[in-house]
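Descriptive analysis of the structure
Here is what each chain is made of, one letter per residue.
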Amino acid sequence: MPPTLASLVHHSALKLTVRAGEERLDTAVRWAHVSELADPVPYMEGGELLLFTALKLDAEDPEAMRRYVKRLAGAGVVGLGFAVGVNYDAVPQALVDAAREEEFPLLEVPRRTPFIAISKAVSAAIAADQYRAVTAGFAAQRELTKQALSGGPEGLLGALAGQVDGWAALYDASGAVVAAAPEWAGRRAARLVGDVERLRERPAPASAVVGGSEQHGGGDEDRVELHSLGTGRRPRAALAVGTAAALGTAERYALHSAIALLTLTTERSRSLHAAEQRIGAAVLRMLLAGEPEHARTVAGDLYGGLLDAPFRMIVAEVASASAGRAHADGHARVALDKPERPAPGTGAAAVAAPGDPLTGLADVVEAAAARSGEAVLVVPDGDRLVLLAADGGAATGACTQYAEALETARLTQREQAGAGEDDELVVGLSAPAGPIAAATAYKQAEQALSVARRRGRSLVEHEEVAAGSVVPLLADDAVRAFADGLLRALKDHDATGRGDLVASLRAWLSRHGQWDAAAADLGVHRHTLRYRMRRVEEILGRSLDDPDVRMELWLALKATSAGGE
């Protein structure tokens, strides 16, 4: 502990006597300073024990002493040491009364105790305190290192919580709590997820001090420090430490040691993650090339379990609708039809920029898989992300929840600010598949991705496309343009008031060419309907006896209906 007024009073060599402020002797002393100025406040920083002899003061003037003591107390000076036997044989009563009025510590310094002895005592005590703090810091570092090596991050957090007499928690890249010590601290750490998210938006290294649970609906007053972990621009993890008061020097050493150890762990994990990602890219390339046995051999224990049960192929990208369609037109052929070309995971732009939804998706999926103990394959592929996750597993569920949350936020933003479609996440999920059908699953994911983009949705599953109606697929600009061109002549004819050919054609096709039923629907004679269908053939220059013509006309009519016409 740093020196206090009480420790100086109890110092046997100083022989100090307390004359006022007995109840405040536990105040820490930052330094001992000698000044005979009438107003030494401009030269004080706070925390000093001021030593004087009243050489330039009238220490017997009650009003002068009240002003003097009051000003010192307001400046943060912790006490006065008055030397007797120099200018005054005893401590003047006016000074004693002024100190008692302010409850300000006043110490009597005997004639045989020089001021330098007090300064040396304070300096020695401060040095001893700093030495103890450094020694304790090194001991804490050794203990934290031992726990990190034997117990991993969980053991390190437990040791850190003991060193700071508080609690500690570790957050992963997605902002979720992955470990906490003591065990009850997990609930408290979960209330700070929003603060951790804001910290992750700042370049690393970053730190912040928050009010802990007091700001998040709790009744305690913990002081919580948040620190980002990692050496890259984007933090890979975060550490929270909660204590009842500000950290002391020894506790600060322990915290910095924990940050260094966790950063080393994080960076080592990132290197291993990069190596695992390269293996994952090779496994995916073999699966798409129709070599499941080779893929299983390369996967080994790392991804082997993922190939032993049904999995989902997931393809995600961030792009505008037009750019996304252009990408989709050729991408599947590169990955599947031409295996000699670079496959997913070998592109130059394998790392997404900070803040990109693809990066967020990868973080969320990997964090969910890590928490549940399941394998997940995540392969960046240029401006795409390809994932292989267990069907019904935590990673697949996290992907779905992430995409749905982004879509909800996007719709809200559009309603409020009319945001455009650039930089929006679109995700396609395949049906459950096994290693033999990986190439088919990849095509299914791409098809679902294309539908998601066309429908303006964040996520579409292939089962939804395969089991649904073909009609929603007609809500495409190119299809509607085709429909408008095919039916324009009939609509122009109807617009002149010379007949209702479009409605008649719709009724006739819906009744599969049955004249009486279609005529009854329209409320006209069947001969009138026959005449109208001949006019349709004449205007279009195409025969309604051709099934392809009937199909195209029916799809055109459905497309215009899907477009709200």
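Residues numbered from 1 in each chain as written. Predicted model: local features only at pLDDT ≥ 70, side-chain atom pairs only at ≥ 80, totals over all residues. Heavy atoms only, no water.

Looking now at the overall build of the chain. A tally of helices and strands in the chain yields 18 helices and 15 strands. Expressed as a percentage of the 565 residues in the chain, the buried residues total 45%. Contacts in the chain between residues at least 24 apart in sequence constitute 64% of all its contacts with a sequence separation of at least 6. Counting only carbon and sulfur atoms, one obtains 52% of the accessible surface of the chain, whose full area is about 27500 Å². (Helix = DSSP H or I, 4+ residues; strand = E, 2+ residues; numbered from the N terminus. Buried < 20%, exposed > 50% of the residue type's maximum accessible area, 1.4 Å probe, protein only. Contact = heavy atoms within 4.5 Å. Areas by Shrake-Rupley, 256 points an atom, 1.4 Å probe, with all protein chains shown as cover.)

Turning our attention to the packing of aromatic side chains. By convention here, two paired aromatic rings are described through the distance between centres and the angle between planes. Scanning the model with the defined rule gives four aromatic pairs in all. Considering the side-chain rings of Phe82 and Tyr88, the 6.0 Å spacing of their centres and the 50° angle between planes classify their relative orientation as tilted. Judged on exposure class, the residue Phe82 and its partner Tyr88 are both buried. What links up through ring pairs into an aromatic cluster is the set Phe52, Tyr68, Phe82 and Tyr88. (Phe/Tyr/Trp six-rings, centres within 6.5 Å; stacked < 30°, edge-to-face > 60°.)

Okay, the pattern of salt bridges next. Applying the stated criterion across every chain yields a total of 21 salt bridges. Salt-bridge contacts for Glu102 lead to Lys70; the nearest nitrogen and oxygen are separated by 3.5 Å. Of this pair, Glu102 sits in the loop between helix H3 (93-101) and strand E5 (106-109) while Lys70 sits in helix H2 (residues 62-74); the two residues are 32 residues apart in sequence, bridging distant segments of the chain. According to the relative accessible area criterion, Lys70 is exposed, its value standing at 53%. For Asp308, the salt bridge goes to Arg296, with nearest N and O atoms at 2.6 Å. A residue pair is termed long-range when its members are at least 10 positions apart, and Asp308 in the loop between helix H8 (292-303) and strand E11 (311-318) and Arg296 in helix H8 qualify at 12 residues. A relative accessible area of 30% places Arg296 in the partly exposed class. (Salt bridge = Lys/Arg side-chain N within 4 Å of Asp/Glu carboxyl O.)

In this section: the sheet that holds strand E9 (residues 223-229). Taken together, five strands build an open sheet; the order of strands is E7-E6-E10-E9-E8 and the sheet is antiparallel. With partners counted over all chains shown, the strands left at the sheet margins are strand E7 (177-181) and strand E8 (207-210), one partner each. Averaged over all pairs of adjacent strands, the angle between their axes in this sheet comes to 15°, without regard to strand direction. Two strands pair when backbone bridges link them, and E8 and E9 are joined in this way by four bridges, in the antiparallel orientation. Counterpart to Ala208 in the pairing with E9 is Leu226. (Pairing = 2+ DSSP bridges. Axes fitted to C-alpha atoms, helices over the stretch in contact; angles between N-to-C directions.)

Counting residues in each nonpolar core, the largest one holds 25 residues, and the members touching the most others are Tyr68, Leu80, Phe82, Leu95 and Leu106. Counting residues per element, the ones that place at least two in this core are strand E3 (48-52), H2, strand E4 (79-83) and H3. Non-local contacts of Phe82, meaning those with residues more than four positions away in its chain, are made with Phe52, Thr53, Ala54, Tyr88, Ala90, Val91, Pro92, Leu95, Leu106, Leu107, Glu108 and Val109. Val283, Phe311, Val379 and Ala441 belong to the second largest nonpolar core, which has 24 residues in total. (Core = buried A, V, L, I, M, F, W, Y, C linked by side-chain atoms within 4.5 Å.)

Right, let's talk about the sheet that holds E11 for a bit. Read across the sheet, five strands follow the order E12-E13-E11-E14-E15 without closing on themselves; strand pairing throughout is mixed. Both edges of this open sheet fall to strand E12 (376-381) and strand E15 (459-461), since each of them pairs with a single strand only. Between one strand axis and the next, the sheet turns by 15° as a mean value, whatever way the strands run. Sheet topology places E11 next to strand E14 (residues 425-429); five bridges connect them, and they run antiparallel. Bridge pairing in E14 links Glu317 to Val426. Strands E11, E12, strand E13 (384-390) and E14 of the sheet are contacted by helix H10 (residues 357-372), whose axis makes an angle of about 15° with E13.

The next point concerns helix H6 (residues 193-200). For H6, every residue scored as buried is listed here: Asp195, Val196, Leu199 and Arg200. Looking down the long axis of H6, one finds its buried residues gathered within 140° of arc, a one-sided arrangement. On the buried face of H6, the contacting elements are strand E6 (167-171), E8, E9, strand E10 (237-243) and H10. (Arc of directions from axis to C-beta.)

Right, let's get into the pairing of E5. Of the two faces of E5, the one holding Leu106 and Glu108 and the one holding Leu107 and Val109 are both buried throughout. Relative to E5, strand E1 (residues 17-20) is paired through three bridges, and the arrangement is antiparallel. Following the sheet pairing, Val18 is matched in E5 by Leu107. As judged from the four bridges shared by E4 and E5, these two strands associate in the parallel manner. What sits directly across from Ala83, in E5, is Val109. At this point the chain moves from E4, through H3, to the parallel E5, and the crossover so formed is right-handed. (Right-handed = clockwise from strand over helix to strand, strands pointing away.)

Right, let's get into the side chain of Asp494. Mapped onto the fold, Asp494 is located in helix H14 (residues 477-495). Look at Asp494: it is buried, it has no salt bridge, and the nearest opposite charge is Arg532 at 7.8 Å. Apart from the residues within four sequence positions on either side, Asp494 is in contact with Gly499, Asp500, Leu501 and Val502. (Lys, Arg positive; Asp, Glu negative; His and termini not counted.)

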